[in-house]
Amino acid sequence: MVVSPERIRSLHKYEKAILVALERQMKRYEWVPLESIEQATELSESEVNYRLSRLIQWGMVRFNPVPYDGYALVFGGYDTLALTTLTRKGIISALGTKIGEGKESVVFDALGLGPVAIKFHRIGQRSFNTARVNREYIPETGSCPWLLASRLSAEREYAALTLLHPKVSVPLPIGQNRNAVVMALIDGPNLSRYRLPDPRATLDEILANVRAAYQAGVIHADLSEFNILMEDNKCVLIDWPQWMETTHPNAGAILERDISNILAFFVRKYKLEYDPGEALRCVTG
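Rules used in this analysis
- Residues numbered from 1 in each chain as written.
- Predicted model: local features only at pLDDT ≥ 70, side-chain atom pairs only at ≥ 80, totals over all residues.
- Heavy atoms only, no water.
- Helix = DSSP H or I, 4+ residues; strand = E, 2+ residues; numbered from the N terminus.
- Buried < 20%, exposed > 50% of the residue type's maximum accessible area, 1.4 Å probe, protein only.
- Contact = heavy atoms within 4.5 Å.
- Areas by Shrake-Rupley, 256 points an atom, 1.4 Å probe, with all protein chains shown as cover.
- Lys, Arg positive; Asp, Glu negative; His and termini not counted.
- Charge placed at Lys NZ, Arg CZ, Asp CG, Glu CD.
- Phe/Tyr/Trp six-rings, centres within 6.5 Å; stacked < 30°, edge-to-face > 60°.
- Lys NZ or Arg CZ within 6 Å of the ring centre and 35° of its normal.
- Pairing = 2+ DSSP bridges.
- Axes fitted to C-alpha atoms, helices over the stretch in contact; angles between N-to-C directions.
- Salt bridge = Lys/Arg side-chain N within 4 Å of Asp/Glu carboxyl O.
- Core = buried A, V, L, I, M, F, W, Y, C linked by side-chain atoms within 4.5 Å.

(A) Quick peek at the overall build of the protein. Tallying secondary structure elements over the protein gives 10 helices and 12 strands in all. For the protein, the spread of C-alpha atoms along the principal axes amounts to about 70 × 40 × 30 Å. Burial statistics for the protein: of 285 residues in total, 49% are counted as buried. In the protein, the share of contacts with a sequence separation of at least 24, taken over all contacts with a separation of at least 6, comes to 60%. Total accessible area on the protein stands at roughly 14300 Å², and carbon and sulfur atoms take up 51% of it. Averaging the locations of the 33 positively and 33 negatively charged side chains of the protein gives two centres separated by 2 Å.

(B) Representation of the packing of aromatic side chains within the structure. Taken as a whole and judged by the stated rule, the model has 5 aromatic pairs. Both rings, one in Phe265 and one in Tyr270, keep their centres 6.2 Å apart while their planes meet at 80 degrees; by these two values the pair is edge-to-face. Per residue, the accessibility class of Phe265 equals that of Tyr270, and both read buried. Between the NZ or CZ atom of Arg156 and the centre of the ring of Trp243, over which it lies, the distance is 4.3 Å.

(C) Representation of the pairing of strand E10 (residues 228-231) within the structure. Looking at chain direction, E10 and strand E11 (residues 234-237) are connected through 4 bridges and run antiparallel. By the bridge assignment for E11, Met230 is matched with Cys235. As consecutive antiparallel partners, E10 and E11 are separated by 2 residues, and within that stretch Asp232 has a phi angle of approximately 55 degrees, a positive value.

(D) Summary view of the sheet that holds strand E1 (residues 32-33). Taken in spatial order, the 3 strands line up as E1-E3-E2 in an open sheet, and their pairing is antiparallel. Single-partner strands in this sheet number two, and they are E1 and strand E2 (61-64). In this structure, E2 lies alongside strand E3 (residues 70-73), joined through 4 bridges in antiparallel fashion. From the neighbouring strand, Arg62 faces E3, where its bridge partner is Ala72.

(E) The arrangement of the sheet that holds strand E4 (residues 94-101) in detail. Reading across the sheet, the 5 strands line up as E4-E5-E6-E8-E7 and stay open at both edges, with antiparallel pairing between neighbours. Only two strands of the sheet have a single partner each, and these edge strands are E4 and strand E7 (173-177). Mean inter-strand twist for the sheet, computed between neighbouring axes without regard to direction, equals 25 degrees. Of the pairings in the sheet, the one linking E7 to strand E8 (residues 180-184) comprises 4 bridges and is antiparallel in character. Along E8, the bridge assignment pairs Gly175 with Val182.

(F) Expanded view of the side chain of Arg51. Within the secondary structure layout, Arg51 lies in helix H4 (residues 45-57). By relative accessible area, Arg51 is classed as buried at 10%.

(G) Inspection of the pattern of salt bridges at higher detail. Under the definition given, this model contains 12 salt bridges. Note that Glu47 is salt-bridged to Arg51, the shortest N-O span being 2.7 Å. Here Glu47 and its partner Arg51 are both found in helix H4, 4 residues apart, which amounts to about one turn of the helix. Where Arg200 meets Asp204, a salt bridge forms, and the shortest distance between an N and an O atom there is 3.2 Å. In this pair, Arg200 and Asp204 are both assigned in helix H8 (residues 199-215), 4 residues apart and thus about one turn of the helix distant. Each member of the salt-bridge network shares a partner with another, and the members are Glu15, Glu47, Arg51 and Arg54.

(H) Region of interest: the nonpolar core. Of all hydrophobic cores here, the largest spans 42 residues; its most connected members are Leu191, Leu203, Ile206, Ile228, Leu237, Trp240 and Phe266. In terms of residues, this core owes the most to one element, helix H9 (residues 251-270), which gives 9 residues. Once you skip the residues sitting within four places of it in the chain, Ile206 turns out to touch Leu191, Ile228, Cys235, Ile262 and Phe266. Residues Leu11, Trp31, Ile37 and Val61 belong to the second largest nonpolar core, which totals 23 residues.

Right, here's the structure in full:
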């Protein structure tokens with residue numbers, strides 16, 4: 001759960017320093033020793049212990065006594081560092097309510113210069129190994145904790161949005177820090193919960209956007225009715241961290257899977273048949 005904005009605003013500078021120290025030290029340690037935190041922050045042992053106890057209570061840090069007293073930044077703390085930086089840069093001024101949640105992310109509405117959405121990437125303990133195997137941007141060897149994997153996922157999604165907008169109907173990218181991506185707020189449900197007045201026209205629109213992304217060298221790689229939002233009866237393609245380049249050796253198979261997922265949805269819900277070969281030619285031709 002994301003830490004409350006009030007808690008973030010009340011953070012003492014020493015507590016922020018400890019969060020930053022943990023973030024840096026976790027490149028070396030799974031559990032950061034107390035003495036390493038003291039050295040990095042130049043705070044006394046009593047001060048560090050006091051501040052750590054508060055951070056643990058607020059769900060920003062976790063403690064492990066075995067085989068030594070060690071501390072780790074958790075998503076509450078990582079979200080806090082991202083929000084603090086985004087606020088300082090003027091990208092975010094207020095955090096709202098949760099509007100969406102998936103296996104590897106949680107999305108909140110927020111205020112920037114206007115209404116925005118902020119997506120926190122969270123590749124957690126259960127999904128980390130799967131992500132490491134299936135996503136080439138996560139190193140196969142070496143230390144890659146969940147926080148690093150989540151940051152890489154956020155960076156990758158922001159890169160895709162920046163590359164594709166406005167050629168493809170995707171949310172306008174506004175900012176990114178650590179595991180957080182800020183984008184324009186899309187006011188509408190996902191395709192699975194929306195009743196289309198003209199299913200064939202929407203399917204053609206989706207394929208046109210998949211084609212535009214393909215021409216930009218990008219394949220979504222996780223496209224389904226759950227990753228398409230409908231705003232003013234227009235489709236918006238979301239959730240891009242798994243995208244791959246069209247030059248990838250598996251690009252053809254992944255594109256066919258994306259198209260197959262969409263066509264299968266329209267058959268199930270609207271009994272709308274569309275030749276898969278024709279759809280593929282529409283995208284790649």
